[in-house]
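# Structure assessment
Chain by chain, the residues run as shown.
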Amino acid sequence: MSNKAEQPLFTCIFIAVAAAALTNPLFSFCQPATEGIATVTYKTAKDIKVITEIAAKGDTFRITQKQNGSPRYSGFIVTLSSRTLITLSDTSKKIAIQYHFDTLLHLYAAHGLKEGYEPFRYPDYSFSVKVKPSGAWVAETPLHHHTVWVADNGFFINPLIPFLQLIGSWNEANGAFQKPVQQTEVIYKANKKKSEVVVTFQPTRLRADEFRIPDNYTLRDLGAWINENRRLPDVQEVVRNFAGF
């Protein structure tokens, strides 16, 4: 990929996203359909619980931070087949903003728009039978010790992990796992503190209208704005201020 200054920013992002889609299992467009409600409980190193509910129907997900979430948003809608992300403002503003899912994540990661956000740098995981229960994937980084448990069946949350990290609903543990991630643990070497994530899932039938933008919300397409204004030198800062993650 060329790094010339005259190359449009959006072109660079598109190529990066396309390459990731071809080489990274987290970007697979053919994940199995799922229907039900998952609960993600993230206990931070400061002993704060962030509880997030994810309603899933096929490849569309409605994400709601039920406890200690962002006061700016009442929820998010992600559709993997179209790679769209819709943020739903709090009910007082009634604004829905549409982004391209991969472009937004890569903008944040590539330009350091959120401190410590590196969702696509995976440590070298290896499987250990010594970790209880049932064995787990472990990895060491200069800053962390990661442990990840996967399941043979269950809610395939893996493609959503980079976004959950962006909104503060997941810790640093992530990797190209082919099976559903069920639990993670990160130990921070500097202070020996620990963060944990646990995913539970309850299959249930859900109505299609639960995954639609409310009728009284106004939709704005920031993804189109990014494309139209890709040559602006401060487009990254505009996105960070507008998205507010």
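Keep in mind that this is a model prediction, so the values were computed, not measured.

### Side note on the pattern of salt bridges
Within the structure shown, the criterion is met by 12 salt bridges. With a closest N to O distance of 2.9 Å, Glu140 and Lys189 form a salt bridge. With Glu140 in strand β8 (residues 136-140) and Lys189 in the loop between β10 (181-188) and β11 (194-203), the pair connects residues that are 49 residues apart, well separated along the chain. A residue is classified by how much of its surface remains accessible, and Lys189, at 33% relative accessible area, is partly exposed. Connected via shared salt-bridge partners are Glu35, Lys57 and Arg205.

### Notes on the layout of surface pockets
The volume enclosed by the largest pocket comes to roughly 830 Å³. Along its surface, the largest pocket is lined by 30 residues, and Gly116, His144, Asn171, Glu172 and Tyr188 are the ones closest to its centre. Classifying every residue of the lining of the largest pocket gives 12 nonpolar, 10 polar and 8 charged. Estimated volume of the second largest pocket: approximately 190 Å³. What lines the second largest pocket is His106, Ala109, Ala110, Gly112, Lys114, Gly116, Tyr117, Glu118, Pro119, Phe120 and Arg121. Looking at the lining of the second largest pocket residue by residue, the class counts come to 5 nonpolar, 3 polar and 3 charged.

### Brief notes about the nonpolar core
Grouped together as the largest cluster of nonpolar side chains are 48 residues, with contacts concentrated most on Ile54, Tyr108, Phe155, Ile157, Phe163, Trp170 and Phe245. With 5 residues, helix α2 (residues 101-110) is the single largest residue contributor to this core. Phe155 has contacts with Thr34, Ala38, Ile54, Ala56, Phe61, Leu160, Pro180, Val181, Val199 and Phe201, leaving out every residue within four places of it along the chain. Listed in part, the 5 residues of the second largest apolar core include Ile77, Ile86, Ala96 and Tyr217.

### Considerations on the packing of aromatic side chains
Counting across every chain of the model gives 12 aromatic pairs. Taken together, a centroid distance of 6.3 Å and an interplanar angle of 50 degrees make the contact between Phe101 and Phe163 tilted. Of this pair, Phe101 sits in helix α2 while Phe163 is found in helix α3 (residues 161-166), placing the two residues 62 residues apart along the sequence. When sorted by exposure, Phe101 lands in the same class as Phe163, which is buried. Residues Phe163 and Phe245 carry aromatic rings whose centres are separated by 6.0 Å and whose planes lie at 90 degrees to one another, so their mutual orientation is edge-to-face. Note that Phe163 is positioned in helix α3 and Phe245 in the segment after α5 (235-243), a separation of 82 residues in sequence.

What counts and what doesn't
- Residues numbered from 1 in each chain as written.
- Predicted model: local features only at pLDDT ≥ 70, side-chain atom pairs only at ≥ 80, totals over all residues.
- Heavy atoms only, no water.
- Salt bridge = Lys/Arg side-chain N within 4 Å of Asp/Glu carboxyl O.
- Helix = DSSP H or I, 4+ residues; strand = E, 2+ residues; numbered from the N terminus.
- Buried < 20%, exposed > 50% of the residue type's maximum accessible area, 1.4 Å probe, protein only.
- 1 Å grid on protein atoms, 1.4 Å probe; cavity = no way out; pocket = protein on both sides within 12 Å on 5 of 7 lines; lining within 4 Å.
- Points joined across faces, edges and corners; volume = space filled by probe spheres on them.
- Nonpolar A, V, L, I, M, F, W, Y, C, P; charged D, E, K, R; others polar.
- Core = buried A, V, L, I, M, F, W, Y, C linked by side-chain atoms within 4.5 Å.
- Contact = heavy atoms within 4.5 Å.
- Phe/Tyr/Trp six-rings, centres within 6.5 Å; stacked < 30°, edge-to-face > 60°.

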